[in-house]
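If you want the building blocks of each chain, they are given just below.
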Amino acid sequence: ERVDAHGLVALPGLVDLHTHLREPGREDAETVATGTRAAARGGFTAVLAMANTNPVTDTAEAAEHLLALGRRDGAAQVVPVGAVSKGLAGSELAELGLMARSAGVRVFSDDGHCVADARLMRRALEYVRAFDGVIAQHAQDPRLAGTDACCHEGELSGRLGLPGWPPAAEATIVARDAELAALTGSRVHVCHVSSAETVDVLRWAQKRGIDITAEVTPHHLMLTTDLLSSYDPTYKVNPPLRPDEHVAALREALADGTIAAVGTDHAPHARHDKEHAFADASPGMLGLETALAVVIETMVTTGRLDWAGVAERMSYAPARIARLSGQGRPLAVGEPANLVLVDPAARSVVDRAASASLSRNNPWHGRELPDPVVLTVWAGRVTHRRGGG
Ligand code: DOR
Ligand code: ZN
Ligand code: ZN
């Protein structure tokens, strides 16, 4: 098979640290098959599948089941993320060691349900250190915002009458876990950083030599809180969209490496879960198919990152953080390829109906963005070809 790559850029297959595949439990919103097809269309060859499924990925059996689903249905490698606590309830540790041993799990997360208990977080950090695991923490302290918080806390949340998430709910718990990483000699990864305050905490902790990494979502690199004025539930997400000055700080932090990686937080929701009034709608937005486009628009076109920088933030760094051995590194001679061919000039208007995802909660619908992904190859197999459906 021949591919004309004239004028195209070759990148290593992208690795997403933060995907919600919804299987098992919510196969009406997404499945391993549809979510990894969306991944392939976005140039991804591996996704880390978040643990907040039903049942929660908190046992060796659940992690093995997800691995098996990935092998059977995946258009990209599916890497299970383990839950930090049983049922993500925050009271007892999940089967961390068994998940590590039987399914190779290295990333454990409390995504969706922050571990507020510092003692439990300390024990989790001590536990995963033994096998070089990492805690990917959700970074939203529910004690500083109600469980119904859904808007950046500020002038706009007051005007719209929406319960606010202050940036302090993120920065304080990141500071706590930076100290716990120092105390335990373990690694912490911060999910979906959304605020300038958290960037300051990360800089302080990294300067001290603490082993703390972070990711930013494409939507937090581009979308701002004023979109909530329409009360359109499409823009409801945790953590919330924030004002311009935060977006600027996140772009700068991704450029200088304070934030090492992009993680999509691809969060499909069925129509009937998003259809409600803003306050009752499920939080989250799609991200896999448009992630590279948004990174090009916000980071490459603006001169903040070159292509090597994109490869680092979207493939090499995520793979390093997750301790993936087979992906996110330069190919050896003769090795089956994981790569994506990128057209740096193509643009198009995003159409949510054209998505491979089962869900339609696409915040980019109707916007003109780069349309970069021409061809994706996973383990030597073509998993997506532009125009090939
Ligand atoms: O917006 C979000 N949606 N944030 C999360 O942390 C969880 C996610 C989900 O599972 O829908
Ligand atoms: Zn989260
Ligand atoms: Zn998430």
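None of these values were measured; they are calculated from a predicted model.

Before we go on, may I ask you to explain the site of ligand 1 in this structure?
Near ligand 1 there are 14 residues, and of these R22, N52, H138, N238 and H269 occur at the shortest range. One of the side-chain N or O atoms of H20 is found 3.5 Å from an oxygen atom in ligand 1. Relative to its free-state accessible area of 290 Å², ligand 1 is covered by the protein chains to the extent of 93%. At a threshold of 2 Å from the grid points, most atoms of ligand 1 map onto the largest pocket. Its residues assigned to classes, the shell around ligand 1 comprises 3 nonpolar, 8 polar and 3 charged.

What should I look at first to understand the environment of R203 in this one?
Take R203: it is sitting in helix α7 (residues 196-207). Exposure remark for R203: the relative accessible area of 29% places this residue in the partly exposed category. Taking the C-alpha atoms as reference points, R203 and I259, separated by 56 residues in sequence, lie 9.2 Å from one another. Setting aside residues no more than four positions away along its own chain, R203 makes contact with E252, A253, D256 and T258.

How do you make sense of the layout of surface pockets when you look at a structure like this?
Empty space among the atoms becomes visible once a probe the size of a water molecule is rolled across them. Taken as a whole, the largest pocket encloses approximately 740 Å³ of empty space. Forming the boundary of the largest pocket are 38 residues, of which N52, G112, H113, N238 and P283 lie nearest the centre. A breakdown of the residues in the lining of the largest pocket according to their chemical character gives 14 nonpolar, 16 polar and 8 charged. For the second largest pocket, the calculated volume is near 490 Å³. Every residue lining the second largest pocket is counted, 22 residues in all, and those nearest its centre are R41, E289, S348, A354 and D371. Sorting the residues of the lining of the second largest pocket by element identifies β14 (347-349), β15 (368-370) and β17 (381-385) as the ones contributing at least two each. Tallied by class, residues from the lining of the second largest pocket come to 8 nonpolar, 8 polar and 6 charged.

Mind showing me how you'd approach the coordination of the zinc ion (ligand 2) here?
For a metal with four tetrahedral donors the ideal donor-metal-donor angle is 109.5 degrees, while six octahedral donors give ideal angles of 90 or 180 degrees. Donor atoms from the polypeptide that coordinate the zinc ion (ligand 2) comprise D111 (OD), H138 (ND1) and H192 (NE2), at 1.9 to 2.4 Å from the metal. Each of the 4 donor atoms around the zinc ion (ligand 2) contributes to a set of angles spanning 80 to 138°, which defines the coordination as irregular. One chain supplies every donor for the zinc ion (ligand 2), spaced along it as D-x26-H-x53-H. For H192, a relative accessible area of 0% corresponds to the buried category.

Sorry if this is basic, but what is going on with the environment of G209 here?
If you trace the backbone, G209 turns up in the loop between α7 and β11 (212-216). G209 gets classed as exposed once you look at its relative accessible area, which sits at 60%. Taking the C-alpha atoms as reference points, G209 and S359, 150 residues apart in sequence, are found 41 Å from one another.

Any chance you could explain the confidence of the model for the protein chain here in plain terms?
Parts of the model with low pLDDT should not have their predicted coordinates read in detail. Overall, the prediction assigns the protein chain a mean pLDDT of 97, with 100% of residues at 70 or greater. With pTM at 0.98, the complex prediction returns an ipTM value of 0.96.

What exactly am I supposed to notice about the packing of aromatic side chains here?
Where two aromatic rings form a pair, the distance of their centres and the angle of their planes describe that pair. Counted according to the given criterion, the structure contains 2 aromatic pairs. Geometrically, the ring pair formed by Y127 and F131 is edge-to-face, given 6.4 Å between the ring centres and 70° between the ring planes. On the accessibility criterion, Y127 (42% relative accessible area) is partly exposed. On the accessibility criterion, F131 (18% relative accessible area) is buried. Members of the aromatic cluster, connected to one another through ring pairs, are F108, Y127 and F131.

In this structure, what is going on with the sheet that holds strand β4 (residues 77-80)? I would like to understand it.
Across a sheet, paired strands are connected by hydrogen bonds in the backbone, their directions being either parallel or antiparallel. Across the sheet, which stays open at both edges, the 3 strands sit in the order β2-β3-β4 with parallel pairing between neighbours. Each having just a single partner strand, β2 (14-19) and β4 make up the two edges of the open sheet. Each strand axis lies, on average, 20° off the axis of its neighbour in the sheet, ignoring direction. Here β2 pairs with strand β3 (residues 44-49) via 4 bridges, running parallel. By the bridge assignment, D16 is partnered in β3 with V47.

Looking at this structure, how should I read the nonpolar core?
If you look at soluble globular proteins, the nonpolar side chains tend to sit buried side by side. Among the nonpolar cores identified, the biggest contains 71 residues, and L96, F108, V190, I212, I259, L292 and M314 are the most heavily contacted of them. The leading source of residues in this core is helix α11 (residues 291-300), at 6 residues. Beyond its immediate sequence surroundings of up to four residues, L96 is in contact with A83, V84, F108, A124, Y127, V128 and F131.

I'm lost on helix α9 (residues 244-256) in this one. Help?
Because the α-helix completes a turn every 3.6 residues, residues three or four places apart line up on one side. When the terminal C-alpha atoms of α9 are compared, their 19 Å separation across 13 residues agrees well with the 18 Å that a helix rising 1.5 Å per residue should span. Listing the buried residues of α9 in full gives H246, V247, A249, L250, R251, A253 and L254. G257 occupies a position one or two residues after α9 and carries a positive phi of about 90°.

Please clarify how unusual backbone geometry should be interpreted in this entry.
Negative phi values dominate among residues other than glycine, just as trans dominates among peptide bonds. In the segment running from N54 into P55, the intervening peptide bond is cis, with an omega of 0°. Residue position: P55 is located in the loop between β3 and α2 (60-73). In the segment running from N238 into P239, the intervening peptide bond is cis, with an omega of -15°. Inspection of the secondary structure puts P239 in the loop between α8 (218-222) and α9. A positive phi is found at L88, a non-glycine position, where the angle reads about 55°. Looking at where L88 falls in the secondary structure, it is placed in the loop between β5 (82-83) and α3 (96-103).

How each quantity is defined
- Residues numbered from 1 in each chain as written.
- Chains lettered and ligands numbered in written order.
- Predicted model: local features only at pLDDT ≥ 70, side-chain atom pairs only at ≥ 80, totals over all residues.
- Heavy atoms only, no water.
- Near = heavy atom within 4 Å.
- Polar contact = N/O pair within 3.5 Å; in protein donor to acceptor, adjacent residues only side chain to side chain.
- Areas by Shrake-Rupley, 256 points an atom, 1.4 Å probe, with all protein chains shown as cover.
- 1 Å grid on protein atoms, 1.4 Å probe; cavity = no way out; pocket = protein on both sides within 12 Å on 5 of 7 lines; lining within 4 Å.
- Sits in = over half its atoms within 2 Å of the grid points.
- Nonpolar A, V, L, I, M, F, W, Y, C, P; charged D, E, K, R; others polar.
- Helix = DSSP H or I, 4+ residues; strand = E, 2+ residues; numbered from the N terminus.
- Buried < 20%, exposed > 50% of the residue type's maximum accessible area, 1.4 Å probe, protein only.
- Contact = heavy atoms within 4.5 Å.
- Points joined across faces, edges and corners; volume = space filled by probe spheres on them.
- Donors = N, O, S within 2.8 Å, 3.2 Å for Na, K, Ca; no water.
- Tetrahedral: all angles 85-135°; square planar, octahedral: opposite > 155°, others 65-115°.
- pLDDT = per-residue confidence, 0-100.
- Phe/Tyr/Trp six-rings, centres within 6.5 Å; stacked < 30°, edge-to-face > 60°.
- Pairing = 2+ DSSP bridges.
- Axes fitted to C-alpha atoms, helices over the stretch in contact; angles between N-to-C directions.
- Core = buried A, V, L, I, M, F, W, Y, C linked by side-chain atoms within 4.5 Å.
- Expected span 1.5 Å × (residues − 1).

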